[in-house]
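# Tertiary structure, described
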Amino acid sequence: MAFERHLLKVSRATEKDLLAAERKLTGHHRSDGTTTKSVRGTLPGKQTPISTKTKGILTARIWDERMLRIEAVFVGGYFLLMIIWPPALGFLPLVLVTIGLVWLIAEILSRVLPGTAFGVWCAHSVLQSVQWFKAVPPWATLGYLGLALLAWAALALLTGKTNNFQTTSPYRLGTMVPLVGPLLFPAGRELATVAEFFFGILTLGTYSEHFLGHRRFFLIVGGTYTIIQYISVANHFQYVMLQWMILVLVGISIVGVWQGRSCPAWLQASASVIGYSWVVRSLPLDTDAQIDFVTWLSLAMILAGGIAAFAVMRKQRQLRRVALKKLPSVPWVTIGLDVVLIAFFVIEVIVSGGLDQSNMVNREALASLGLPNEIDSVGSAVRQMLIYSFLQQSIGHLVGNLIGVAIGGLVVERFFGHGRALFAILLGGFGASLIRSIVTLTCSEGVSLSFSVGIGASGMGYAILGTGLISTVFAKNIATGTKAIFYFLVFRNIPYAISAVITGGLINPTADVGDDVHVYGLLIGLVVGVFFLLWHRFVARRPLPGLNTD
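Notes on the structure follow. (Residues numbered from 1 in each chain as written. Predicted model: local features only at pLDDT ≥ 70, side-chain atom pairs only at ≥ 80, totals over all residues. Heavy atoms only, no water.)

## Looking at the overall build of the protein
The test is simple: Numbering goes from the N terminus for both helices and strands, where a helix is a DSSP run of H or I of at least four residues and a strand is a run of E of at least two. Relative accessible area decides the class of each residue, using a 1.4 Å probe on protein chains only: under 20% of the type maximum gives buried, over 50% gives exposed, and in between gives partly exposed. All accessibility values rest on the Shrake-Rupley procedure with a 1.4 Å probe; residue burial counts only the protein chains present in the view.
For the protein, the count of helices and strands is 22 helices and 0 strands. In the protein, which comprises 550 residues, the share counted as buried stands at 47%. Split by element, the accessible area of the protein, about 27600 Å² in all, is 67% carbon and sulfur.

Take a look at the structure:
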């Protein structure tokens, strides 16, 4: 109990928050400190007692504060571990499974320790999840997974094989039957791919089925999966079938998120990360990547799922009217920056006379836009600093930076506000470019032009990630799913950039990617994030938007 009471100590800001919350719940007006003492069980007997229900609600709020701190320790610790030991990234799925086991332990503790503060918090979280699942059990989703496993077993019995069924007669015949083909497509593929696919179906399907209902979910998924089935068979696209099936669920889930359909936090995190990973897989992110027929069809699957869900909900009059002005905060700075990057790339393509055989712009033609051919003077360094971040090498380069700016910018802008987000983005982009120019001017001779002159919004992107890494762990107005995608992006990119710089050095003319610029932008972002937090804590003494619990 002493340990528990120690954990229930709160700051003055949290105490005021609890006072206001109790006043709304009970109408009691307490003096400072008495609400926290009531929750901790140290309030003198003459004071107004607190009801069990109110104590449970306030205790849950205190433990939500504690979970934010635990989240900060986990993110910071694992991030440092991956920098020191890069293979730790491969253990991230195991860590996520461990978190799931901790959730199960929390359920047990909520029943074993019902009277303790931690037990109250666990019971509150578990009860919400159980009630959510009982409202609309995911029978269709679980049914598909069960039938897919049975179909795999049936193919094994009929063919005497455990994989590579694509050339067998039962498989070919089955893929021609409506609704049977989607059951057969996972069979015989790599276990890691199948496991990731099943996990995506389970999480995204559970969420989609919950807000659509069993019948509407089955009609949408069954119809789109049948269309996908015949498109893939006719065009021999079976290698992307699993991807398309997941993308349909992603489209449905986007409509649910837009409509504000809630789900437990752990499901938000897992569904968001798995959906993001499949979407990114379908996009042209390599430098020489091309947008082909399969890419357009992949995007069409997202639109098909979203449009179908939108149409069904509108027909059933379940569609909520969502106005932009009523949203908590529209990230106008982030949206505007992505639009500017796209506009600049269109200008690049026009100036270059189109893309070359490697699907890249003509670097020499970019001189007409002000980009220097080499960094040999202060003037060329300034020109590079001003234009560096707005030019991209290829479509894949553009798409990758658009994703990083969009996700990181959303998090930073939601927490710090529009003006501070714009300051962090511009300072990161211009600052990283300026540092590289200074390094090039002061280094020894012989540095190749590929190092001294570069283009890309990576400096901005990594500055946003750095600022967001400082703020996201404290944010109360950012959804768990958004946090999960941001952390996933951070864990995949930042340790790799730092490891590359440690291995190859800041000056590496042979590197294909400017990891030094990534690190410069990251450091600037971290400094800016810390500065914003300290300024508002000790100087401005005004709460940041991200600390608002509304």
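From this point on, the discussion continues.
## Quick word on the packing of aromatic side chains
Test applied: Centres within 6.5 Å are what make two rings of Phe, Tyr or Trp a pair, Trp counting through its six-membered ring; a difference in plane orientation under 30 degrees is then read as stacked, over 60 as edge-to-face, and the rest as tilted.
Evaluation of the coordinates by the stated rule reveals 13 aromatic pairs. Seen from their ring centres, Phe133 and Trp266 are 5.9 Å apart, and the 15 degrees between their planes marks the pair as stacked. In this pair, Phe133 sits in helix 6 (residues 117-135) while Trp266 sits in helix 13 (residues 265-281), placing the two residues 133 residues apart along the sequence. Where Phe197 meets Phe198, the ring centres are 5.8 Å apart and the plane angle is 45 degrees; that geometry is what we call tilted. Residues Phe197 and Phe198 agree in their burial class; the two are buried. Taken together, the ring pairs in this structure connect Phe415, Phe416, Phe423, Phe531, Phe532 and Trp535 into an aromatic cluster.

## So, a nonpolar patch on the surface
Applied cut-off: Within this analysis, patches are made of residues with over 30% relative accessible area and no salt bridge. Like charges are joined at 9 Å or less; nonpolar side chains (Val, Leu, Ile, Met, Phe, Trp, Tyr) at 5 Å or less. When a carboxyl oxygen of Asp or Glu lies within 4 Å of a side-chain nitrogen of Lys or Arg, that pair is called a salt bridge.
A cluster of nonpolar side chains, Val530, Phe531, Leu534, Trp535, Phe538 and Val539, forms an exposed patch at the surface whose accessible area comes to about 590 Å². One can find Val530 in helix 22 (residues 515-539).

## Notes on the pattern of salt bridges
Going through the model one piece at a time under the given rule, you end up with 2 salt bridges. A salt bridge links Glu196 to Arg281, with the nearest nitrogen and oxygen atoms 2.6 Å apart. Of the two residues, Glu196 sits in helix 10 (residues 191-212) while Arg281 sits in helix 13, which places them 85 residues apart along the sequence. Overall, the relative accessible area of 24% leaves Glu196 in the partly exposed class.

## A closer look at the environment of Ser499
Inspection of the secondary structure assignment puts Ser499 in helix 21 (residues 480-504). Considering only alpha carbons, one finds Ser499 and Asp515, 16 residues apart in sequence, at a separation of 9.2 Å.

## Topic: the environment of Val240
Position of Val240 among the secondary structure elements: in the loop between helix 11 (214-235) and helix 12 (241-258). Using a relative accessible area of 7% as the deciding quantity, one classes Val240 as buried. C-alpha separation for the pair Val240 and Ser298, spaced 58 residues apart in sequence, amounts to 8.7 Å.

## Structural notes on the nonpolar core
Test applied: Residues enter a nonpolar core if they are buried and are Ala, Val, Leu, Ile, Met, Phe, Trp, Tyr or Cys, with the set joined through side-chain atoms within 4.5 Å. Residues are treated as being in contact if the distance between any of their heavy atoms lies within 4.5 Å.
Judged by nonpolar contacts, the single largest core of 53 residues is most densely connected at Tyr276 and Leu341. Breaking this core down by element, the ones donating at least two residues are helix 13, helix 15 (332-352), helix 17 (395-416), helix 18 (418-442), helix 20 (458-471), helix 21 and helix 22. Dropping the residues within four chain positions of it, Tyr276 is found in contact with Ile403, Ile407, Ile485, Phe488 and Leu489. Of all hydrophobic cores here, the second largest spans 51 residues; its members include Tyr171, Tyr207, Met241 and Trp244.

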